[in-house]
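Letter by letter, the chains look like this.
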Amino acid sequence: MASKLLLIAVFVLDLIAFGLAVAAEQRRSTARISQDTEVNYNYCVYDSDIATGYGVGAFLFLMVSQALVMAASRCFCCGKGLNPSGSRAWAVILFIVCWLFFLIAEICLLAASVRNAYHTKYRTIFSEQPPSCETVRKGVFAAGAAFIFLNAIVNKFYYICYSSARDKSFQAYGGEAAVGMGTYK
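Residues numbered from 1 in each chain as written. Predicted model: local features only at pLDDT ≥ 70, side-chain atom pairs only at ≥ 80, totals over all residues. Heavy atoms only, no water.

- For the protein chain, the name recorded in an unreviewed UniProt entry is Fiber protein Fb34, with Hibiscus trionum as its organism.
- UniProt, in its Subcellular location (unreviewed entry) section for the protein chain, records the words "Endomembrane system".
- Taken verbatim from the UniProt record of the protein chain, the Sequence similarities (unreviewed entry) comment is "Belongs to the DESIGUAL family." (UniProt positions renumbered as here; feature names shortened; annotations may be inferred.)

Given below as structure tokens:
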């Protein structure tokens, strides 16, 4: 049977990661063009950089959540083989999908955090075009949050299917101890 404590812990970690990713989307950096006091050049002024911290926090919480589930299931690599059943087939499929969603979420969060932390230092003379005040594109943190949500669902189903396949006792030949050994009189 699947560990309820593990499922609750992973749910809480995924919930925190999701909340941080949504908060990062809401608080991502914005920039405005400003002029120096002598009006010689323009430069970019960025607001708070809190979204980077939120994004990195979501990244780390999701990583811990994934590590807990993979450690509990031994990542399909180690331990006793699973018994052949429908649960094993679903566990294999969900394992692959779980890692796919995890990698997409982590890439979105990491890329958005790095991009959000990058602040252009360009200055232009007043007569030239204004500087490019680059910021993270809207929706990148939200995409990470969406894949955190999908990963959270698939993670739970994967672990439940894995536990079910592990716990079912496989008995060859219907559990008879001496198949083929008839009694002769």
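## A word on the overall build of the protein chain
Thinking step 1. When you go through the protein chain residue by residue, the secondary structure sums to four helices and three strands.
Thinking step 2. Reading the protein chain from its N end, one meets helices and strands in the order α-β-β-α-α-β-α.
Thinking step 3. Taking all 185 residues of the protein chain together, 35% fall into the buried category.
Thinking step 4. Looking at the protein chain alone, contacts between residues at least 24 apart form 82% of all its contacts between residues at least 6 apart.
Thinking step 5. Accessible surface, the protein chain as shown: approximately 11100 Å² in total, 67% of it carbon and sulfur. (Helix = DSSP H or I, 4+ residues; strand = E, 2+ residues; numbered from the N terminus. Buried < 20%, exposed > 50% of the residue type's maximum accessible area, 1.4 Å probe, protein only. Contact = heavy atoms within 4.5 Å. Areas by Shrake-Rupley, 256 points an atom, 1.4 Å probe, with all protein chains shown as cover.)

## What to know about the environment of Leu150
Thinking step 1. Relative to the helices and strands, Leu150 resides in helix α4 (residues 140-167).
Thinking step 2. Residues Leu150 and Cys98, 52 residues apart in the sequence, show an inter-C-alpha distance of 8.3 Å.

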